[in-house]
Amino acid sequence: YTTLFRSAHLARIACRLTAIPDEFAFLCGLLHDVGMAAGLLILADQKGSGARRLVPPAFEEISFALQVVHEEASAVLADAWNLHPEVRLVIGIHHHFQQGRRIHPMAAVLCVADWVASEAGTAIGSEVDACRAQEAREHLGFSQQVMVDLAARARETLELAL
């Protein structure tokens with residue numbers, strides 16, 4: 001299982017504790033970091049001048065920049081693919097989960113699922129902010145026990161993948 005697949009499953013499970021449709025959560029979970037993947041592909045595909053091919057930078061050198069822009073890049077791709085505007089919105093704010101002053105519940109679910117997946121050992125760099133995840137958890141009304149249960153499910157999916 002990749003981080004995206006695990007986050008998608010956890011978002012689906014978390015949504016079952018809310019009124020949010022779980023299949024929508026799964027789709028957003030699969031797509032939420034597509035901007036990160038697109039950025040990596042763009043960097044890997046750089047051609048040098050003439051016959052000289054440029055060597056892509058090390059992930060450690062670019063990870064912070066990718067983390068900063070990947071939400072917006074994911075939203076741009078959702079637009080280019082003509083996905084539903086709600087999918088574009090959710091994957092475009094999945095770490096910050098706010099639209100103006102309003103917290104978007106699906107983006108909050110995705111933030112929590114992403115954090116739980118990262119706690120299970122599948123994070124890419126330091127992409128997930130524990131404080132933001134805590135804020136999302138509180139907004140959704142998830143108890144500490146719910147978070148423990150989600151973490152157990154994340155570990156189960158990791159074990160199934162091995």
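Refer to the structure presented above.
Residues numbered from 1 in each chain as written. Predicted model: local features only at pLDDT ≥ 70, side-chain atom pairs only at ≥ 80, totals over all residues. Heavy atoms only, no water.

1. Examining the packing of helix H2 (residues 22-31) against helix H5 (residues 85-92)
So, step 1. Here H2 crosses H5 at 55 degrees, and the two axes come no closer than 10 Å. When the axis of H2 is compared with that of H5, the two are oblique. Where H2 crosses over H5, the handedness of that crossing is right-handed. Taken together, the residues of H5 that come into contact with H2 (itself represented by Phe24, Leu27, Cys28 and Leu31) are Glu86, Val87, Val90 and Ile91. (Axes fitted to C-alpha atoms, helices over the stretch in contact; angles between N-to-C directions. Helix = DSSP H or I, 4+ residues; strand = E, 2+ residues; numbered from the N terminus. Parallel < 35°, antiparallel > 145°, perpendicular 65-115°, else oblique. Left-handed = near helix turned anticlockwise from the far one by under 90°. Contact = heavy atoms within 4.5 Å.)

2. Looking at helix H4 (residues 59-80)
So, step 1. Look at H4: only 26 Å from first C-alpha to last across 22 residues, short of the 32 Å you get at 1.5 Å a residue.
So, step 2. On its buried side, H4 packs onto H2, helix H3 (34-44) and H5.
So, step 3. The first or second residue beyond H4 is Asn82, which carries a positive phi of 55 degrees. (Expected span 1.5 Å × (residues − 1).)

3. Some points on the packing of H3 against H4
So, step 1. In contact at an axis separation of 6 Å, H3 and H4 are set at 120 degrees when each is read in the N-to-C sense. Classified by the angle their axes make, H3 and H4 are oblique. Where H3 crosses over H4, the two elements pack in a sense that is right-handed. Packed against H3, whose contacting residues are Val34, Gly35, Met36, Ala38, Gly39, Leu40 and Leu43, the element H4 presents Phe59, Ile62, Leu66, Gln67, His70, Ala73, Ser74 and Leu77 at the interface.

4. Side note on helix H7 (residues 130-140)
So, step 1. For H7, the complete set of buried residues consists of Arg132, Ala133, Ala136, Arg137 and Leu140. Each buried residue of H7 sits inside an arc of 140 degrees when the element is viewed along its axis, so together they form one side. Those residues of H7 that are exposed and aimed more than 90 degrees away from the buried face are Cys131 and Glu138.
So, step 2. Gly141 occupies a position one or two residues after H7 and carries a positive phi of about 80 degrees. (Buried < 20%, exposed > 50% of the residue type's maximum accessible area, 1.4 Å probe, protein only. Arc of directions from axis to C-beta.)

5. Re the nonpolar core
So, step 1. If you look at the biggest cluster of nonpolar residues, it comprises 37 residues, and the most contacted ones within it are Leu10, Val109, Val112, Val116 and Leu150.
So, step 2. Elements with a contribution of two residues or more to this core: helix H1 (3-15), H2, H5, helix H6 (105-122), H7 and helix H8 (144-161).
So, step 3. The dominant element in this core, judged by the number of residues it contributes, is H6, at 11 residues.
So, step 4. Those residues in contact with Leu150, other than ones at most four positions away along the chain, are Leu10, Ile13, Ala14, Val112 and Val116. (Core = buried A, V, L, I, M, F, W, Y, C linked by side-chain atoms within 4.5 Å.)

6. With respect to unusual backbone geometry
So, step 1. Here Asn82, not a glycine, exhibits a phi torsion of approximately 55 degrees, which is positive.
So, step 2. With phi around 45 degrees, Phe97 is a residue other than glycine that occupies positive phi space.
So, step 3. Mapped onto the elements, Phe97 comes out in the loop between H5 and strand E1 (98-99).
So, step 4. Take Phe97: its relative accessible area is 0%, and that puts it in the buried class.

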